[in-house]
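Observations on the three-dimensional arrangement
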Amino acid sequence: MKSNQRKQYVKIQFKIILLICKIIFVMVSCHSGNSIKISNLAPDAHQVTAKEVLQTNSYTYVHVTADNRDYWIAIIKSEVETGKTYYWSEGVAMKDFPSKELNRTFPSIYLVQDFTDQPITLENLPTTPSGTSSQKTPEKTGISIAPPEGGSTIAELYSLKDLFNGKKVRVRGEVVKFAGEIMDRNWVHIQDGTRSGDQYDLAITTQDIVKAGDIVVFEGTITLNRDFGAGYFYEMIMEDASLLSE
């Protein structure tokens, strides 16, 4: 074989070997989950691999691993695949967290609100304006509900919130969102068709269980600027509320 032909042959062989190496690298990367670290992750971002997934009616519990450490995460019900890489940055650690649906108590778990399969970098970090809730619930149209006897509308609560702060009040509305068993309480969002400025939704914590579409009356204590951590901030919220029968 002539010298030029040999050189050309060696070059082709090298390109083939290089291509094979690239293919193997991609295949290993796809199956290794957490083996490749994203270099530009945000400082508070975590890269994890889902080892086990437990689904309930409202929540998804994910057993994850990262850097030889295993722990549990709870998120709003979502599709999560075992073996896949995920990311999160905003969460709060809870001890002895009970799940009634699973009939299980987790000794330690993180309640996470930004669980995603996309890397969380400084460029795509979500921003939450100071004094607003990252849990903004969309406004439902076509609602027109009168307040209960001796109670107030949602518009009145917001427009006179300083007067209502710390006071026990009654309010009637339609349930537009329900989330159970978070931080040892249930979370309800109601609307009655009234608004004050851009506020039309009232968040409520309670031990009672309701469902979306129910027309309900709750009585509870109004609290202002309540920060539960992990992005759960409410300009106004009704706490420790009781569901009243009419």
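The written sequence of each chain sets the order in which its residues are numbered from 1. Under the rules for a predicted model, residues below a pLDDT of 70 receive no local features and side-chain atom pairs below 80 are neither given nor counted, while totals for whole chains, interfaces and linings still include all residues. Side-chain calculation: all heavy atoms of the structure are included, whereas hydrogens and water are not.

Section: the pattern of salt bridges
Our working definition: Within this document, salt bridges are pairs made up of a side-chain nitrogen of Lys or Arg and a carboxyl oxygen of Asp or Glu, the two lying within 4 Å of each other. Note on conventions: DSSP H or I runs of at least 4 residues are helices, E runs of at least 2 residues are strands, and numbering of each starts at the N terminus. Partly exposed residues are those whose accessible area sits between 20% and 50% of the maximum for their type, while under 20% is buried and over 50% is exposed, using a 1.4 Å probe and protein chains only.
Under the criterion given, the structure shown has eight salt bridges. Its salt-bridge partner being K84, residue D117 comes within 3.3 Å of it at the nearest N-O pair. Here the residue D117 occupies a position in the loop between β6 (104-112) and α2 (154-159), and K84 occupies one in the loop between β3 (69-76) and β4 (85-88), the gap between them amounting to 33 residues. On the basis of relative accessibility, which here comes to 35%, the residue D117 falls in the partly exposed class. As a salt-bridge pair, R195 and E139 come within 2.5 Å of each other at their nearest N and O atoms.

Thoughts on the environment of Q47
Tracing the backbone shows Q47 in strand β1 (residues 46-55). Taking the C-alpha atoms as reference points, Q47 and D117, 70 residues apart in sequence, are found 9.4 Å from one another.

A word on the side chain of T153
Put simply, the rule is: Working rule for contacts: check all heavy atoms of both residues, and any pair within 4.5 Å makes them a contact.
Of note, T153 is situated in the loop between β6 and α2. Ignoring any residue separated from it by four or fewer positions in sequence, one finds T153 in contact with P147, D192 and T194.

Focus: the pairing of strand β9 (residues 202-206)
Stated formally: The pairing criterion for strands is at least two bridges between them, as found by DSSP.
By the criterion of burial, β9 is predominantly enclosed, with five of the five residues buried. Alternating positions in β9 separate into two faces, L202, I204 and T206 on one and A203 and T205 on the other, with burial throughout. With five bridges connecting them, strand β8 (residues 185-191) and β9 associate as antiparallel partners. For N186, the partnering residue across the bridge sits in β9 and is T206. The pairing of β9 with strand β11 (residues 233-244) spans three bridges and is parallel. If you follow I204 over to β11, its bridge partner there is M238.

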